[in-house]
Amino acid sequence: MTLSGYNINTSLTISPIHSLVIALLFTLLVQGAAIYLRMQQPWLGLQVSLAHSNGQLLVTTVTKQSPADANIPIGKFLLAVETTSATSIPLKPLIRTEPFSVPSYQMYADYQTLHRALYEAIHEAAHAQQAIKLVMHDGQRLKITPLPKTPLSGIPSVFWWLLLSNLIAPLLGAIVWTYKPYTLESACLVLACMSFFCFQTIFALVISRELHISPEFFALLPVQAGLLNLFTLSLYIILCYYPNRLMPMWAIYPGIAVAVLLSLNYQFHWLEIPLQAFLFQYVPIILLGTWLMHCQWVAAKGNPVDRTTVLMLQLSAMLPCWLIMLLYIFPIALGSTPFIHPIANRLLLFFIFAGWVVGVLRFRLFDIEYWWFKSLLWLLGGSLVVILDILIASFLKTSEMFALGVAVTIAGFLYFPLRQWLLGKVLPSEQQGLQEFLPVFSSNMSDAISKETFEARWLDSLNQRFQPLHVEVLQGELANTVLSDNGLHLQVPGLGLGHFYQLSGKNRAARLFNQADVKNTESLLTVVRMASHASEVRQQVIIEERQRIMRDLHDSVGSKLLTLTYKLTKPEEKEVAKQALMTLRDTIRLALKPCPLRLEDQLADWRAEITERAEASGVQLRWEQQGSLENYPFTPQLALELTQLLREAVSNALKHACPEHLIIGFKAQSNDLEISITNDGAVSNPALWKAGTGLNTMTSRVKKLAGTLEFSLTTGSTPHNQVRMSIPFIPANPASTQRALLHQQL
């Protein structure tokens, strides 16, 4: 098996079920060996602890039907053990110190000597079936005859409890390997889990002892130190290469060398570690891990999935390590009593695995940010109360209850402003709840009246709410809002059928979408769907009423205008009546079309009408369109005005010039629509024209539309008259355009 980049190349493939079976067999084998070793110890049947009041050993537990039962009362202080040869072995406070907490190598040698003497005294008495004497603090000497071996029922419950809890680590490692095999991070996590399991099993043997540590257990301590260093090395490698590669691959080897040297140093005592013989060496390692975590955080910028992974690793790894350093290592190094028990110290390490499993598997990372932040706030609030309580009790010399009450009161005033400040700094966008966003959302939807505008406003609201890095419109049906890719994407249904939106990178890729976003988006989606549906119903009613009015106009006014065109005898009056009828029909036709109109559709209508008129007059029509004229919206009012302008210009050309050719051109230029009508035949200088009703009407219409109107005569082999109009034109899509069009319609 070799390491290559992040992946492990191996010719041996182990199935997931085999991985679990191997892990389970390994744990059973190790724990079976531990139980056997524990049962080989001489047995007194009592447990002692160090009383902080006087520094003496206090009998805390006496097992029933044990050699100590009925001989040693609970609550007695033990001062010494006297052997059958009347040798007295003092029970110093050092005897209950954990091996890795002994301050110096010289004290460690004394520690071993004391435990060896105790072991030999108890072991010899057990095999000789003779009693030893336990000297009490009141001078009383109580006899007790130890048994040579510990029965299964005599093993303390803490031993079994630790064995059971230790199973968590290897099983978690096997699960990670099952789901993500043959990667560097998975291999290192499995290695960390297994080494943690082994050194915790040795710890269970040592912590569950009675008075002495046997030579067999002392022989296991260097192994335990090596396993602890292997555990630390595995996590160090993960920090260096996951989720981002911070170091070259050769950086693994110095880490291995340091771990080996620290392990050998514990065995051979080459170099005394300042302040504390063993534990203080982990302070620089914890600081290095904190720096690596910061580097990972910086390297993950722009990748919210990696950033949340780093948050998860920070919370699960660095927080327990810092607590252990502050509450356990520092007090021991300063010669004080640690704030937490050795068992609590080891239990903190379990948090590492839970977090690292989630971080490596990236399981439900979208909820991690909230969990991380809530945990941080919880820890911050609790720590603030504890710190204030200690300060008040130490400096003011008050009672514990008074100090606690004052600490809680002060912390309450400090904590909540600090919490709000952190909310603004750490989760700025989350500070705005759904209720605070509703006014913005309502403002967006206030002027939406059509399905298209509701769709546009819905997309605008999603952009304002989440500030995504990218929005993609995907084809397909989506009934509800869903998270995907560990919260990197949020897929939101559209209001129309057959498409939905995929929002990527919340807050410009600074954060992940989460379940709260799903819930809030669903609430907003329900509101906008209800509003859109109500508006559609209202629009349908309006359209039906408009159609009814238009039909009435067509039947009443239209029929009268048609009758008038037949009755009038003068051509001018007949033409006026005919134009009025056409205008009425255009108005009805445009009013019944869906809004906004499209220029592309209107051009087709104009071309059909002018082509028919040109063919009726025997004129050859050339239709020209420059540039893309698609997707430009029109209001019915603008379409009607341009229809009248075109109709008047074409009528003038056909009536006065009797041309052979008529050229109609359209061109979109910036925000203007340019129209030209060119004709040959009996052309003349526009300066000599006398403005009649037609020209005045055209000038008035163009002025109303804020456009320009020009007449010109081109000279050459074939002179032409040309009419050029430039009408302000509004491109499609921008929200401002939509609003402007809607206002025009209203």
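Quick caveat, the model's predicted, so the values are computed rather than measured. (Residues numbered from 1 in each chain as written. Predicted model: local features only at pLDDT ≥ 70, side-chain atom pairs only at ≥ 80, totals over all residues. Heavy atoms only, no water.)

Draft legend 1. View of helix α19 (residues 599-617). Here α19 is 19 residues long and its end C-alpha atoms lie 27 Å apart, about the 27 Å a rise of 1.5 Å per residue gives. Residues L599, Q602, L603, W606, I610 and A614 constitute the buried set of α19. Seen from one end, α19 has its buried residues packed into an arc of 100 degrees, which puts them on one side. More than 90 degrees from the buried face of α19, the exposed residues found are E612, E615 and A616. Just past α19, the residue G618 takes up positive phi, approximately 70 degrees. (Helix = DSSP H or I, 4+ residues; strand = E, 2+ residues; numbered from the N terminus. Expected span 1.5 Å × (residues − 1). Buried < 20%, exposed > 50% of the residue type's maximum accessible area, 1.4 Å probe, protein only. Arc of directions from axis to C-beta.)

Draft legend 2. Structural context of helix α7 (residues 252-268). Taking 1.5 Å per residue, 17 residues should reach 24 Å; α7 reaches 24 Å between its end C-alpha atoms and fits that length. Taken as a whole, α7 has its buried residues at I252, G255, A259, L262, S263, N265 and Y266. Summarising the axial view, the buried residues of α7 lie within an arc of 160 degrees, below the 170-degree limit, and thus occupy one face. Those residues of α7 that are exposed and angled more than 90 degrees off the buried face are Y253 and L261.

Draft legend 3. The sheet that holds strand β18 (residues 708-714), seen in detail. Across the sheet, five strands lie side by side as β14-β16-β17-β19-β18; this open sheet has mixed pairing. With partners counted over all chains shown, the strands left at the sheet margins are β14 (620-626) and β18, one partner each. When the angles between neighbouring strand axes are averaged without regard to direction, this sheet yields 15 degrees. Across seven bridges, the pairing between β14 and strand β16 (residues 661-669) is parallel. Looking at β16, one finds that W623 is bridged to I664. (Pairing = 2+ DSSP bridges. Axes fitted to C-alpha atoms, helices over the stretch in contact; angles between N-to-C directions.)

Draft legend 4. Structural view of the environment of T587. Following the sequence through the fold, T587 ends up in helix α18 (residues 571-591). According to the relative accessible area criterion, T587 is partly exposed, its value standing at 29%. Taking the C-alpha atoms as reference points, T587 and P636, 49 residues apart in sequence, are found 8.1 Å from one another.

Draft legend 5. Geometry of the pairing of strand β17 (residues 672-679). By the criterion of burial, β17 is predominantly enclosed, with six of the eight residues buried. Bridging between β16 and β17 involves eight bridges; their strand directions are antiparallel. Paired with K667 across the two strands is E674, which belongs to β17. Connecting the antiparallel pair β16 and β17 is a turn made up of two residues, with S670 showing a positive phi of about 55 degrees. Where β17 meets strand β19 (residues 720-728), eight bridges bridge the pair, whose relative direction is antiparallel. Bridge assignment links I677 to a residue of β19, and that residue is V723.

Draft legend 6. The sheet that holds strand β10 (residues 482-484), seen in detail. Read across the open sheet, the four strands follow the order β9-β12-β11-β10; overall the sheet is antiparallel. At either margin of the open sheet sits one strand with a lone partner, and together these are β9 (470-475) and β10. Between one strand axis and the next, the sheet turns through 25 degrees on average, direction left out of account. Strand direction decides the pairing type here: strand β11 (residues 489-493) and strand β12 (residues 499-504), joined by five bridges, are antiparallel.

Draft legend 7. View of empty space enclosed by the protein. Overall, the coordinates contain five cavities of 30 Å³ or more when judged by the stated rule. Taken as a whole, the largest cavity holds about 60 Å³ of empty space. E98, P99, F100, F203, V206, L221, Q224 and R346 are the residues that line the largest cavity. Elements represented by at least two residues in the lining of the largest cavity include exactly α5 (184-207) and α6 (215-241). (1 Å grid on protein atoms, 1.4 Å probe; cavity = no way out; pocket = protein on both sides within 12 Å on 5 of 7 lines; lining within 4 Å. Points joined across faces, edges and corners; volume = space filled by probe spheres on them.)

Draft legend 8. Structural context of the packing of helix α3 (residues 157-166) against α5. One way to put it is that α3 packs onto α5 with a least axis distance of 9 Å and a crossing angle of 175 degrees. Regarding the angle of α3 to α5, the classification is roughly antiparallel. On the side of α3, the interface is formed by F159, L162, L163 and N166, while α5 contributes F197, Q200, T201, F203, A204, L205 and I207. Per-class residue counts for the contact of α3 with α5 are eight nonpolar, three polar and no charged. (Parallel < 35°, antiparallel > 145°, perpendicular 65-115°, else oblique. Contact = heavy atoms within 4.5 Å. Nonpolar A, V, L, I, M, F, W, Y, C, P; charged D, E, K, R; others polar.)

Draft legend 9. Up close: the packing of helix α14 (residues 434-445) against helix α17 (residues 515-567). In contact at an axis separation of 12 Å, α14 and α17 are set at 30 degrees when each is read in the N-to-C sense. Read as a crossing pair, α14 and α17 show a hand that is right-handed. Facing α14, whose interface residues are L434, F437, L438, F441 and M445, α17 presents N520, S523, L524, V527 and V528. Here the contact of α14 with α17 is composed, by residue class, of eight nonpolar, two polar and no charged. (Left-handed = near helix turned anticlockwise from the far one by under 90°.)

Draft legend 10. Geometry of the packing of aromatic side chains. Under the defined criterion, the tally for this structure stands at 21 aromatic pairs. Summarising the aromatic geometry, the rings of F100 and Y266 are spaced 5.2 Å apart at their centres and angled 75 degrees between planes, so their arrangement reads as edge-to-face. Of the two residues, F100 is situated in the loop between β6 (88-90) and α2 (105-128) and Y266 in helix α7; the sequence distance between them amounts to 166 residues. For the ring pair F280 and F330, a centre distance of 6.1 Å and an interplane angle of 40 degrees mean the geometry is tilted. Linking F280 in the loop between α7 and α8 (282-299) with F330 in helix α9 (residues 304-333), this pair joins segments that are 50 residues apart in sequence. Here a set of aromatic residues connected by ring pairs shows up, and it is made of F100, Y108, Y111, F218, Y266, F278 and Y282. One cation-aromatic arrangement involves R307 over W297; the distance from NZ or CZ to the ring centre is 3.9 Å. (Phe/Tyr/Trp six-rings, centres within 6.5 Å; stacked < 30°, edge-to-face > 60°. Lys NZ or Arg CZ within 6 Å of the ring centre and 35° of its normal.)

Draft legend 11. Focus on the layout of surface pockets. Its volume calculated, the largest pocket comes out at about 1,300 Å³. Together, 38 residues line the largest pocket, and R647, E648, S651, N652 and K655 are the ones closest to its centre. Top element by residues in the lining of the largest pocket is helix α20 (residues 636-657). It accounts for 11 residues. Class assignment for the residues of the lining of the largest pocket results in 14 nonpolar, 13 polar and 11 charged.

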